[in-house]
Amino acid sequence: MRPEFRQLRLEQTDRTLQPFAGTRSVSRPRRGWLRAVREALGITRQDVARAMRRFPQNVSSFEKSESTDRITLQTLRRYAEAMDCQLVYAIVPKVGTLTEAVEERARKKAEKDVRAVEHTMALEDQATTGTEEKIARETKRILKKR
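No experiment lies behind these values; they were computed from the predicted model shown. (Residues numbered from 1 in each chain as written. Predicted model: local features only at pLDDT ≥ 70, side-chain atom pairs only at ≥ 80, totals over all residues. Heavy atoms only, no water.)

Draft legend 1. Here's a closer look at the side chain of Thr 75. Structurally, Thr 75 can be placed in helix H5 (residues 73-82). Judged by relative accessible area, which is 14%, Thr 75 ranks as buried. With residues near it in sequence (within four places) discarded, Thr 75 still touches Met 52 and Phe 62. (Helix = DSSP H or I, 4+ residues; strand = E, 2+ residues; numbered from the N terminus. Buried < 20%, exposed > 50% of the residue type's maximum accessible area, 1.4 Å probe, protein only. Contact = heavy atoms within 4.5 Å.)

Okay, structure coming up:
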């Protein structure tokens, strides 16, 4: 992607993901979302199987696969449609926004690089000061470069 559009893409994606920020604290039910939603709606496995044109055993297999992170998005989508639901799919940062994640990654890289140089200089008896300011400058340089 062209560098001049990266910041715009970042800001647009942050805005798009904003409604999902509250989902970080939601944990998946022990037996998976498919089963939890199906049971909450009062739909039987046979009903889902009929809507998906599958056998009830397949529905059980789908539920187990989802609860163990082995199901495909296509199957999740078809199962959701069979319950008159919609699959909502998003990848969100563990903490904060994508912008904050980019800044944190840049800061970690800058800190690693600056501390490596500081260490080398100290070994050569040329210790310097102002490490935090150097890290801040290097972070800005990295962010500007991206």
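Draft legend 2. Looking closely at the packing of helix H3 (residues 45-52) against helix H4 (residues 56-67). Contact geometry of H3 with H4 gives a least axis separation of 8 Å together with a crossing angle of 100°. Regarding the angle of H3 to H4, the classification is roughly perpendicular. Residue-level inspection shows Arg 45, Gln 46, Val 48, Ala 49 and Met 52 of H3 in contact with H4, the latter providing Pro 56, Val 59, Ser 60, Phe 62 and Glu 63. (Axes fitted to C-alpha atoms, helices over the stretch in contact; angles between N-to-C directions. Parallel < 35°, antiparallel > 145°, perpendicular 65-115°, else oblique.)

Draft legend 3. Up close: the environment of Lys 64. Relative to the elements of secondary structure, Lys 64 occurs in helix H4. Exposure remark for Lys 64: the relative accessible area of 56% places this residue in the exposed category. Distance from Lys 64 to Arg 35, taken between C-alpha atoms, is 8.8 Å for residues 29 residues apart in sequence.

Draft legend 4. Representation of the environment of Phe 5 in the model. Take Phe 5: it is sitting in helix H1 (residues 3-17). What makes Phe 5 partly exposed here is its relative accessible area of 41%. Along the backbone, Phe 5 and Thr 23 are 18 residues apart, and their C-alpha atoms lie at a distance of 28 Å.

Draft legend 5. Structural view of the side chain of Glu 63. Following the sequence through the fold, Glu 63 ends up in helix H4. Residue classification places Glu 63 among the buried residues on the basis of a relative accessible area of 4%. A polar contact of 3.1 Å, which involves the side chain of Glu 63, links it to the side chain of Arg 45. Contacts of Glu 63, omitting those with residues within four sequence positions, involve Arg 31, Leu 34, Arg 35, Arg 38, Arg 45 and Tyr 79. (Polar contact = N/O pair within 3.5 Å; in protein donor to acceptor, adjacent residues only side chain to side chain.)

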